[in-house]
Amino acid sequence: MLYREAGDFKTSYAKDQQTFPIAFDRWGYFITVAFAFLVVPFLINDYWVNAVVLPFLIYSVAAIGLNILTGYCGQVSLGTGGFMAVGAFSAYKLMTAFPELSMIIVILLSGGVTAFVGILFGLPSLRIKGFYLAVATLAAQFFLVWMFNKFPWFYNYSASGQISAPERSVFGFAVTGANVTPAVSYLFCLCFVFVLAWVARNLTRGANGRKWMAIRDMDIAAEIIGVDPLKTKLTAFGVSSFYIGIAGALLFAIYLGAAEVGEAFDISKSFLVLFMIIIGGLGSIFGSFAGAAFMVLMPVLLKNIMVGYLGWPTDLASHFQFVIVGGLIVIFLILEPHGFAQLWRLAKEKLRLWPFPH
Amino acid sequence: MNMQDSYITADGRTIGAPVMEMKNITLRFGGVVAIKDISFDIHEGEIRAIIGPNGAGKSSMLNVINGFYHPQEGEVWFRGKKRKPMKPHQIAKQGLARTFQNIALFKGMSTLDNIMTGRLTHMKSNMVSQMAWWGKAQDEETANREVVEKIIDFLEIQTIRKTPVGRLPYGLQKRVELGRALAAEPKLLLLDEPMAGMNVEEKEDMSRFILDVNDEFGTTIALIEHDMGVVMDIADRVVVMDYGQKIGDGTPDEVRSNQAVIDAYLGVSHD
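Everything numeric here is computed off the predicted structure, so don't read it as measured data.

(A) Summary view of the packing of aromatic side chains. This structure, assessed with the given rule, holds 25 aromatic pairs over all chains. Considering the side-chain rings of Tyr-47 of chain A and Trp-48 of chain A, the 6.5 Å spacing of their centres and the 85° angle between planes classify their relative orientation as edge-to-face. Between Phe-143 of chain A and Trp-146 of chain A, the ring centres sit 5.9 Å apart and the planes meet at 35°, which makes this aromatic pair tilted. You can see Phe-143 of chain A and its partner Trp-146 of chain A sitting in helix α6 (residues 130-150), three residues apart, about one turn around the helix. Through a chain of ring-to-ring contacts, three or more aromatic side chains come together here, namely Phe-83, Phe-121, Phe-143, Trp-146 and Phe-151 of chain A. The cationic tip of Lys-93 of chain A hangs over the ring face of Trp-153 of chain A; the distance from NZ or CZ to the ring centre is 3.9 Å. The lysine or arginine in question, Lys-23 of chain B, covers the ring of Trp-77 of chain B, its NZ or CZ lying 4.1 Å from the ring centre.

Written out as structure tokens, the structure reads:
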């Protein structure tokens with residue numbers, strides 16, 4: 001009975017255009033954010049941060065990024081892994097070249113570099129669409145990984161070919177290296193996620209988002225009403241790559257600490273993020289979070305069930321995990337092709353009427 | 001009637017000077033001549049119909065007007081200036097809007113968002129402002145929403161404001177598409193078969209909207225339509241095309257009595 005629009009009158013267009021027009025949603029959102037910022041840091045421990053929370057937060061950023069490009073603007077991309085590598089290597093080069101530079105700026109600049117690379121690889125999108133564009137971005141994936149392997153300058157000529165994040169701190173708290181506390185790395189990522197998700201929401205609900213969606217739904221009609229297709233597609237590539245670059249930089253610097261490009265940013269990363277947005281829901285910020293949560297949490301949950309409760313050997317469990325996650329994805333997509341976001345929307349529509357059927 | 005000047009219609013409206021002039025347009029696709037040496041003009045405030053049998057080149061003509069096709073010969077004059085070859089989105093910014101023969105709405109977006117896209121040429125806030133949803137971006141959003149709400153009221157589609165257009169029935173989709181074109185506040189509105197596939201009642205509604213648009217906003221309209229009853233009722237002047245050529249031009253009454261037009265529509269005996 002709480003979930004109602006009735007009686008919640010909007011007296012201005014600004015009020016009607018807010019992100020959470022229903023009071024119940026709005027309060028749910030405020031409580032979630034407050035909980036994430038004020039309560040979780042005190043509860044969190046090493047296991048939760050490394051197994052669940054950090055990968056979830058970081059992949060959420062990547063998923064939002066890809067969702068902007070694929071879900072909102074309709075340009076399929078299989079280059080996510082490569083663009084994440086650009087973010088990671090930019091962060092590494094910036095951290096080693098300018099040790100005094102604040103980590104916040106390093107991460108943002110890495111996003112900027114990736115945005116530039118993304119725009120470059122987005123140029124063919126004016127001419128090619130759909131599967132053909134997917135193949136073109138696949139080329140970006142392989143080219144970028146090859147490039148970071150081939151030229152030792154990118155990994156500072158280290159013998160192993162690995163990049164590892166030196167210790168840096170923000171406001172006196174170590175965020176990278178060996179002395180990081182779970183709460184600090186959690187909060188550091190959370191701040192990025194919070195701001196980036198908010199910006200993504202604003203960009204997608206206004207004029208800019210409408211341009212993207214117009215191109216996605218009917219590019220000819222979009223052009224007729226004054227949308228410049230090249231500029232619009234390139235902004236989508238730029239913004240999307242900015243997010244994905246930041247995700248790559250965070251993944252490398254905060255989560256992994258050390259990375260080898262062929263391993264950490266291979267094609268499977270591209271698919272992982274693509275699955276996240278398909279399962280979560282194309283064209284939805286909430287869906288990006290839901291998809292990231294599903295893809296990060298399911299394996300952990302299954303492992304805990306199979307190894308912890310059923311006592312299966314670890315190797316058997318890890319193989320079964322692939323089978324089960326794969327099966328779940330297939331079943332889920334048959335049942336709800338539009339992902340978690342659509343399920344959520346349907347649930348909300350039902351809730352509005354509950355407990356009355358009409 | 002002197003075509004260069006303004007004139008007064010049968011129902012007493014004053015029509016202004018030409019907004020759009022097509023001068024000796026020829027459009028070829030390889031060896032196929034889609035449009036052959038056609039000239040006509042569209043005056044400010046008038047409802048101009050383009051009719052003709054299937055394959056006459058009407059839609060090609062509309063595509064020339066809004067820049068999808070670039071004619072090999074001839075000139076397009078818009079608001080007293082010769083138009084350089086431009087991309088469709090640049091032409092849209094000059095004040096041209098259109099609807100399509102097969103509905104071309106943005107299926108994943110709500111009615112409101114679809115019509116709001118029509119306002120894009122009027123929205124100029126930068127990306128930083130949009131990122132923060134603050135300052136100019138928000139003001140623009142609200143101001144344009146007001147304009148869009150007026151159009152929604154005008155077209156009587158308030159109840160489907162937040163429905164994704166993919167779920168709407170055909171007649172309503174056509175209306176939303178008209179709304180999107182109107183939202184741009186065009187100097188010239190092009191309608192490609194606005195009544196195709198509609199029943200009598202829907203046709204009457206649509207005719208009323210077209211006349212109201214012309215009357216209330218003073219919008220100049222050029223439309224392609226197959227329903228002769230409708231065309232003869234609402235159009236001020238009619239261009240008739242057949243096989244890429246212009247075979248008639250004038251008021252509905254003049255066109256109706258034109259022998260070439262009658263031949264094109266009813267056929268000629270070859271004995």
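(B) A look at the interface of chain A and chain B. Taken together, the contact pairs 32 residues of chain A with 38 residues of chain B. For the pair chain A and chain B, the summed buried area comes to about 3000 Å², and 65% of that belongs to carbon and sulfur atoms. Taken as a group, Tyr-13, Arg-210 and Ile-224 of chain A account for 25% of the area that chain A buries against chain B, more than any other trio of residues on that side. The interface formed by chain A and chain B includes four salt bridges. Across the pair Glu-141 of chain B and Arg-210 of chain A runs a salt bridge, and its minimum N-O distance is 2.3 Å. At the surface where chain A touches chain B, the tally comes to eight residue pairs in polar contact (both at pLDDT 80 or more). For the side of chain A that touches chain B, the secondary structure elements donating two or more residues are α1 (13-16), α7 (182-205), α8 (207-217), α9 (219-224) and α10 (229-256) of chain A. Here the side of chain A that touches chain B gets eight residues from one element, more than from any other, and that element is α8 of chain A. For the side of chain A that touches chain B, the class distribution of residues is 17 nonpolar, six polar and nine charged.

(C) How the structure looks around the nonpolar core. In this structure, Phe-252 and Phe-265 of chain A are the most contacted members of the largest nonpolar core, which totals 110 residues. Broken down by element, this core gets its largest block of residues, 15 residues, from helix α3 (residues 46-72) of chain A. Among residues more than four places away in sequence, those in contact with Phe-252 of chain A are Ala-88, Ala-91, Tyr-92, Ile-163, Ser-164, Ala-165, Gly-257, Ala-258, Ala-259 and Phe-265 of chain A. Counting residues in hydrophobic clusters, the runner-up holds 34 residues, among them Ile-160, Val-165, Leu-168 and Met-206 of chain B.

(D) Molecular detail of a nonpolar patch on the surface. Residue and element names in this part refer to chain A. Where nonpolar side chains cluster on the molecular surface, the patch consists of Leu-301, Ile-305, Tyr-309, Leu-310, Trp-312, Leu-316, Phe-320, Phe-322 and Val-323 and spans about 950 Å² of accessible area. Where the nonpolar patch is concerned, the elements lending two or more residues are α13 (285-309) and α14 (314-335). For the nonpolar patch, the element with the highest residue contribution is α14, accounting for four residues. Mapped onto the elements of the fold, Val-323 is located in helix α14. Taking the relative accessible area as the measure of exposure, Val-323 reaches 55% and is therefore exposed.

(E) Representation of the pattern of salt bridges within the structure. All names here are of chain B. Taken as a whole and judged by the stated rule, the model has 26 salt bridges over all chains. A salt bridge links Arg-161 to Glu-149; the shortest N-O distance between them is 2.9 Å. You can see Arg-161 sitting in the loop between α5 (136-154) and α6 (170-183) and its partner Glu-149 sitting in helix α5, a full twelve residues away along the chain. Classification of Arg-161 as partly exposed rests on a relative accessible area of 24%.

(F) Seen up close, the pairing of strand β11 (residues 237-242) of chain B. Residues and elements named next belong to chain B. With six of six residues buried, β11 lies mostly within the body of the structure. Neither face of β11 is open: one carries Arg-237, Val-239 and Met-241, the other Val-238, Val-240 and Asp-242, and all of them are buried. Summarising the sheet, strand β5 (residues 47-51) and β11 pair through four bridges and their orientation is parallel. Across the sheet, Ile-50 pairs through a bridge with Val-239, a residue of β11. Relative to strand β12 (residues 245-250), β11 runs antiparallel, the two being bridged by five bridges. Paired with Asp-242 across the two strands is Gln-245, which belongs to β12.

(G) Up close: unusual backbone geometry. Its identity as a non-glycine residue notwithstanding, Phe-171 of chain A has a phi of 50°, on the positive side. Looking at the secondary structure, you find Phe-171 of chain A in the loop between β2 (169-170) and β3 (173-174). Looking at Phe-171 of chain A, the relative accessible area reads 74%, which means it is exposed. One non-glycine residue with positive phi stands out, namely Tyr-243 of chain B, at about 45°. The topology assignment puts Tyr-243 of chain B in the loop between β11 and β12. For Tyr-243 of chain B, a relative accessible area of 71% gives the class exposed.

Conventions and cut-offs
Residues numbered from 1 in each chain as written. Chains lettered and ligands numbered in written order. Predicted model: local features only at pLDDT ≥ 70, side-chain atom pairs only at ≥ 80, totals over all residues. Heavy atoms only, no water. Phe/Tyr/Trp six-rings, centres within 6.5 Å; stacked < 30°, edge-to-face > 60°. Helix = DSSP H or I, 4+ residues; strand = E, 2+ residues; numbered from the N terminus. Lys NZ or Arg CZ within 6 Å of the ring centre and 35° of its normal. Contact = heavy atoms within 4.5 Å. Buried area = accessible area lost by both parts, 1.4 Å probe. Salt bridge = Lys/Arg side-chain N within 4 Å of Asp/Glu carboxyl O. Polar contact = N/O pair within 3.5 Å; in protein donor to acceptor, adjacent residues only side chain to side chain. Nonpolar A, V, L, I, M, F, W, Y, C, P; charged D, E, K, R; others polar. Core = buried A, V, L, I, M, F, W, Y, C linked by side-chain atoms within 4.5 Å. Buried < 20%, exposed > 50% of the residue type's maximum accessible area, 1.4 Å probe, protein only. Patch = residues over 30% accessible without salt bridge, like charges linked within 9 Å, V, L, I, M, F, W, Y side chains within 5 Å. Areas by Shrake-Rupley, 256 points an atom, 1.4 Å probe, with all protein chains shown as cover. Pairing = 2+ DSSP bridges.

Purely geometric stuff here, so don't read any function into it on its own.
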